[in-house]
Amino acid sequence: MEEINELIEQRIKKVSDLKEMGIKPYGDPFEASDHASELQNKYAEITKEALESERITCSLAGRIMTMRDFGKAAFAHIQDSSGKIQIYLKRDVLGEKHNLLKKLDIGDIIGIKGRLFRTRTNELTVEVENLSLLTKSIRPLPEKWHGLKDIETRYRQRYIDLIVNPEVRENFAKRSIIIRAVRDFLEARGFIEVETPMMHQIPGGATAKPFKTYHNALGIDLYLRIAPELYLKRLLVGGYERVYELNRNFRNEGISTRHNPEFSMLEFYIAYRDYNFLMSLTEELFSYAAMKAVGSLKIPYGDTEIDLTPPWPRIPMIEALEKNGVPSEVFTGVEKAKSWAQANKIDIPNGSSMGKILDEIFKEKVEPFLIQPTFIIDHPVELSPLAKRKADNPALVERFELFISAREIANAFSELNDPFDQRERFLEQVRAKEAGDDEAHEMDEDFIRALEIGMPPAAGEGIGIDRLVMLLTNSHSIRDVVLFPQLKPEK
């Protein structure tokens, strides 16, 4: 720390020196007509002799990442948004700007104009003929560690992480490609993008604990959105048939490699279809996004290869439990299910319904083994207060969860559009909340009123964008795909 403070003091002194020299340490706009990677690609095959004869000029702006000063000349690498390129700074070529060279440090942002040539080692290089200081860096970059490795610092100071770890920038650029692919895919199929409120009077659309706030002008409590579902289904009532929202959701839950309290979700709804239609559509969507982002349906993920080639298995939840060693007696009653779970060291919250117990067992006994894409279908009705019952088994609903690499990545169902059944489901959720389940739904009378107007048969789905990006960038923590993840306060 003492060494860092000394370096900062030296750089602050250089700021004063620059001002005395009449040079702005935080300069003016600079028009860069070129980018490092474009030059590297465009002139990859051109020979040293050809560069000498053609005298190709360029202008770039970027951050100094390395510097070797040899007295009368210096070599440096600058990095822009596309990559790095070497530059050559010769004092007699720079003329009056040669004094500026003495004040440059790694981390400074400069603008350069010059001509391309190749060094004796054949590296494409810019001989700088005009040099401008655009921003003086006061804090040194962690170059002595050859890039920032400390995980906590990487997430907390993402700006440094992006500078010194190029693969991090590439992952976030790929995130943008994935989101654009999602939009293109849906809009090509007639979906329109909409925006719904992020502050709700009644938290709904998912079973989760909300964040609570207070609206001073209205004098009421509000909740940050846990899901946009109920508003999107109101739009189906209003006459839209295909809608989607790329939304930010907020859930007051634990932080882990899979969970961030603020996260990105895609939700989309389509009238006159059911969950079977959505399974096929989901296979197409994931395949499309993978080809755009990775160029293949076979995705490296850790030590495995995920094969996204459709079709994917569709396994009823009860069948999946049985295949993973859960005996049939577990499904005969709450007490037997709870007893078996406790005997197998699976924690069951007090007052849990049969569906909740089976869900806890599923998380322990099945989910860790769902590596390749798998649809788990037909869940207990208690787990799905907004889903339509199966006609041949009213204890189950027409729902699927998509699992890839042992984590849920999508959730969908045929939507419940019966206002009488929906009211009773909400009442059951209210009773669960009164019994201590702080993730249960509340009664939403306006949503019931919308259903009484009439919502067409429909199917809806939510896809975790962060988890999709994790999959397609071979990232194993959600913090690696969220630019600024939530962290404990810095000490």
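The coordinates are above.
Because the structure is a prediction, the values reported are computed rather than measured.

Things to note about the overall build of the protein
- Looking only at helices and strands, the protein has 16 helices and 19 strands in total.
- By its C-alpha atoms, the protein is 85 × 50 × 50 Å across when sized along the principal axes.
- Expressed as a percentage of its 491 residues, the buried residues of the protein come to 49%.
- Long-range contacts, defined here as pairs at least 24 residues apart, represent 65% of the contacts in the protein between residues at least 6 apart.
- Summed over all atoms, the accessible surface of the protein reaches about 24300 Å², with 50% contributed by carbon and sulfur.

Quick word on the pairing of strand β18 (residues 407–414)
- Counting buried residues along β18, six of its eight residues qualify, which places the element largely inside the surrounding structure.
- When strand β17 (residues 393–404) meets β18, the two strands line up antiparallel, connected through six bridges. Note on β18: the bridge partner recorded for R399 is F413.
- Hairpin connection, β17 to β18: the antiparallel pair is bridged by two residues, and S405 has positive phi, about 55°.
- With five bridges connecting them, β18 and strand β19 (residues 458–464) associate as antiparallel partners. Bridge assignment links A410 to a residue of β19, and that residue is I463.

Considering the nonpolar core
- Grouped together as the largest cluster of nonpolar side chains are 43 residues, with contacts concentrated most on L266, F268, L308 and L472.
- Among the elements that line this core, the one with the most residues is helix α10 (residues 275–293), at nine residues.

Quick notes on the pattern of salt bridges
- Scanning the model with the defined rule gives 37 salt bridges in all.
- Put simply, K390 and D378 hold a salt bridge, and the shortest N to O gap is 3.4 Å. Here D378 lies in strand β15 (residues 374–380) and K390 lies in strand β16 (residues 389–390), a separation of twelve residues in the sequence. Both residues of the pair, K390 and D378, count as buried.
- Two residues, D421 and R425, come together in a salt bridge whose shortest N-O distance is 3.2 Å. Here the residue D421 and the residue R425 both occupy positions in helix α14 (residues 419–434), the gap between them amounting to four residues, near one helical turn. R425 matches D421 in its accessibility class, with the two residues each being buried.
- Counted as one network, the salt bridges with shared partners bring together R11, K14, D105, D108 and K136.

Re the side chain of S477
- Considering the arrangement of structural elements, one finds S477 in the segment after α16 (465–472).
- Beyond its immediate stretch of four places on either side in the chain, S477 contacts Y155, T257 and M470.

Things to note about the sheet that holds strand β4 (residues 109–118)
- Strand order in the closed barrel formed by five strands is β1-β2-β3-β5-β4, and the pairing between neighbours is mixed. Across the sheet, the axes of successive neighbouring strands diverge by a mean angle of 55°, strand direction being ignored.
- Bridging between strand β1 (residues 57–69) and strand β2 (residues 73–79) involves six bridges; their strand directions are antiparallel. Pairing of R63 across the sheet is with Q79, part of β2.

Re the packing of aromatic side chains
- Inspection of the entire model under this criterion finds ten aromatic pairs.
- One aromatic cluster is present, built from ring pairs that chain together F70, F75, Y88 and F117.
- Here R189 stacks its cationic end above the ring of F185, 3.6 Å away from the centre of that ring.
- The ring of F277 carries R273 above its face, with NZ or CZ at 5.0 Å from the centroid.

Regarding α14
- Given a rise of 1.5 Å per residue, 16 residues ought to cover 22 Å, and the 22 Å separating the end C-alpha atoms of α14 matches this to within 8%.
- Residues of α14 that are buried include every one of P419, D421, Q422, R425, F426 and Q429, and no others. All buried residues of α14 fall inside an arc of 155° around its axis, so they share one side. The outward face of α14, more than 90 degrees from its buried face, is lined by the exposed residues F420 and E434.
- Two residues or fewer after α14 comes G436, characterised by a positive phi angle close to 115°.

Side note on the packing of helix α8 (residues 166–187) against α16
- Two elements in contact, α8 and α16, have axes whose closest approach is 10 Å; the angle formed by their N-to-C orientations is 120°. Considering their axes alone, α8 and α16 lie oblique with respect to each other. Note that α8 runs across α16; the crossing there is right-handed. Side by side, α8 and α16 meet where K174, R175, I178 and I179 of the first sit next to I465, D466, L468, V469 and L472 of the second.
- Among the residues making up the contact of α8 with α16, the classes are represented as six nonpolar, no polar and three charged.

Conventions used here
- Residues numbered from 1 in each chain as written.
- Predicted model: local features only at pLDDT ≥ 70, side-chain atom pairs only at ≥ 80, totals over all residues.
- Heavy atoms only, no water.
- Helix = DSSP H or I, 4+ residues; strand = E, 2+ residues; numbered from the N terminus.
- Buried < 20%, exposed > 50% of the residue type's maximum accessible area, 1.4 Å probe, protein only.
- Contact = heavy atoms within 4.5 Å.
- Areas by Shrake-Rupley, 256 points an atom, 1.4 Å probe, with all protein chains shown as cover.
- Pairing = 2+ DSSP bridges.
- Core = buried A, V, L, I, M, F, W, Y, C linked by side-chain atoms within 4.5 Å.
- Salt bridge = Lys/Arg side-chain N within 4 Å of Asp/Glu carboxyl O.
- Axes fitted to C-alpha atoms, helices over the stretch in contact; angles between N-to-C directions.
- Phe/Tyr/Trp six-rings, centres within 6.5 Å; stacked < 30°, edge-to-face > 60°.
- Lys NZ or Arg CZ within 6 Å of the ring centre and 35° of its normal.
- Expected span 1.5 Å × (residues − 1).
- Arc of directions from axis to C-beta.
- Parallel < 35°, antiparallel > 145°, perpendicular 65-115°, else oblique.
- Left-handed = near helix turned anticlockwise from the far one by under 90°.
- Nonpolar A, V, L, I, M, F, W, Y, C, P; charged D, E, K, R; others polar.

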